[in-house]
Amino acid sequence: MILQDKRFDSSGRAVYEPGMMDVMHGFRGDAVLVNGQLRPIAKAPRGLVRLRLINAATSSPFDLSLESGRPLVLIGVDQGLLDAPVEVSRVLIAPGERVELLVDLRLGEDRLMAASQSSMGMGGMMGGMGGDAGSAVLLTLVPEDSQEAAVTTLPERLPGSMVAIAATGARRRFLLDEGMGPMNMVRGLLGGSPVMTINGKPYEIDRVDFSTPVGAQEHWTVVANQMAHPFHVHGAKFQVLRNGGREPRPEERGWKDTVLVNGEAELAVSIDAETSEGLPFVFHCHILEHEDAGMMGQFTTQV
């Protein structure tokens, strides 16, 4: 299921015309769609229903829960299944993140809700996970007795492969900076676009920021001091050690490639894939407007 928020004009046409504040804080919609549909209804067998979700919004995180207050069962994240199911009351999913959930329809109809955070910038997710702008119905799940449920019992274990890694390789630090300074404000007043950076450098297609061996296990520190940023890396996976001075939430455990950084995140990174000549991997903020403004870097790997 693809989750996206969209803005619509008076004729019902989806529009994407980001202004200066949209670029700085992320473009946000006024309606949340599921697979391009507004508040769809899905019929499913009266049993455990598996939902595979991706946040494909340009900038909005979604705080997911069930209208009934029943628990969601988290079974997987970005790069695969967990070792065991985890019951949660809600799941926060940022742009680029994926989760797999089980919903128990044996107790009847339910609705998947999303509380969209009011902003990932000033006054919203800056310094916390509060500031929600109200809940919206994403999807209504209706049990149907004419279909036989494939699964009715929650398994105790899952075929996950969450093995702690040593991360004894290189230690790297990445400072995500959206440039809320006077120069970017001047650019905006003059009709230009802001320049955003990682470690003080905007993206350049001909620049490689570092190279590392395939199989390396590294320790990365990602810093987002001004607002929360969903940090994403290609060609690697990681485990979240700490985020924002706390232990990782359930949806931040398991093998990940995207994490919403709010303050400082500590990651144990496994470099898995080899780059082709002239085709480096990238790491970037997954807010579309921020990566377009330069908050992205590149790295290569070698055997």
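For clarity, every value in this text was computed on a predicted model and none was experimentally measured.

### Focus on the overall build of the chain
When its secondary structure is counted, the chain shows 3 helices and 21 strands. Taking all 303 residues of the chain together, the buried fraction comes to 49%. Accessible surface, the chain as shown: approximately 13900 Å² in total, 53% of it carbon and sulfur.

### Structural notes on the nonpolar core
With 30 residues, the main nonpolar core has Trp220, Phe231, Leu267 and Phe283 as its most contacted residues. Elements with a minimum of two residues in this core: α1 (20–25), β14 (171–177), β17 (217–233), β18 (236–243), β19 (258–271) and β20 (281–285). Setting aside residues no more than four positions away along its own chain, Phe231 makes contact with Leu176, Trp220, Val222, Asp257, Thr258, Val259, Val261, Leu267, Phe283 and His284. Judged by nonpolar contacts, the second largest core, of 27 residues, contains Leu3, Ala44, Val88 and Ala114.

### Some points on the packing of aromatic side chains
Within this structure, the stated rule accounts for 14 aromatic pairs. Centroid distance Trp220 to Phe283: 6.5 Å. Interplanar angle 65°. Geometry classified as edge-to-face. Here Trp220 is found in strand β17, whereas its partner Phe283 is found in strand β20, with 63 residues between them in sequence. There is no split in this pair, since Trp220 and Phe283 are both buried. Ring geometry for Phe281 against Phe299: centres 5.8 Å apart, planes inclined by 50°, an arrangement best described as tilted. Taken together, the residues Phe281 in strand β20 and Phe299 in strand β21 (residues 296–302) connect sequence positions 18 residues apart. Taken as a pair, Phe281 and Phe299 share a single burial class, namely buried.

### Some points on the environment of Ala236
Here Ala236 is to be found in strand β18. In this structure, the C-alpha to C-alpha distance between Ala236 and Asp272, residues 36 residues apart in sequence, is 5.1 Å. Excluding anything up to four places from it in sequence, Ala236 contacts Gln79, Asp257, Val269, Ser270, Ile271 and Asp272.

### Thoughts on the environment of Gln147
Relative to the elements of secondary structure, Gln147 occurs in the loop between β13 (132–144) and β14. Separated by 101 residues in the primary sequence, Gln147 and Arg46 have C-alpha atoms spaced 7.6 Å apart. Setting aside residues up to four positions removed in sequence, Gln147 forms contacts with Lys43 and Pro45. Of the polar contacts made by the side chain of Gln147, one reaches the side chain of Glu144; its length is 2.9 Å.

### Quick notes on the pairing of strand β9 (residues 80–88)
Relative to β9, strand β8 (residues 72–77) runs antiparallel, the two sharing 5 bridges. The partner of Leu74 across the bridge, within β9, is Val86. Taken together, β8 and the strand that follows it, β9, pair antiparallel across an intervening segment of 2 residues.

### Topic: unusual backbone geometry
Phi is positive for Arg39, which is not a glycine, with a value near 50°. With respect to the element layout, Arg39 can be found in the loop between β4 (37–38) and β5 (41–45). With a phi close to 55°, Asn199 is a non-glycine residue in the positive phi region. Here Asn199 lies in the loop between β15 (197–198) and β16 (210–213).

### Some thoughts on the environment of Leu241
Within the secondary structure, Leu241 sits in strand β18. Overall, the relative accessible area of 35% leaves Leu241 in the partly exposed class. Leu241 sits 24 residues away from Ala265 along the chain, and the two C-alpha atoms are 7.5 Å apart.

### Considerations on the confidence of the model for the chain
For the chain, mean pLDDT is 89; residues scoring 70 or higher make up 89% of the total. Ranking the elements of the chain by mean pLDDT puts helix α2 (residues 182–189) last, at 52, and β20 first, at 98. Predicted confidence is poor over residues 119–132, with pLDDT under 50, and the contacts of this stretch with residues over four places away or in other chains come to 44 contacts.

About the cut-offs
- Residues numbered from 1 in each chain as written.
- Predicted model: local features only at pLDDT ≥ 70, side-chain atom pairs only at ≥ 80, totals over all residues.
- Heavy atoms only, no water.
- Helix = DSSP H or I, 4+ residues; strand = E, 2+ residues; numbered from the N terminus.
- Buried < 20%, exposed > 50% of the residue type's maximum accessible area, 1.4 Å probe, protein only.
- Areas by Shrake-Rupley, 256 points an atom, 1.4 Å probe, with all protein chains shown as cover.
- Core = buried A, V, L, I, M, F, W, Y, C linked by side-chain atoms within 4.5 Å.
- Contact = heavy atoms within 4.5 Å.
- Phe/Tyr/Trp six-rings, centres within 6.5 Å; stacked < 30°, edge-to-face > 60°.
- Polar contact = N/O pair within 3.5 Å; in protein donor to acceptor, adjacent residues only side chain to side chain.
- Pairing = 2+ DSSP bridges.
- pLDDT = per-residue confidence, 0-100.

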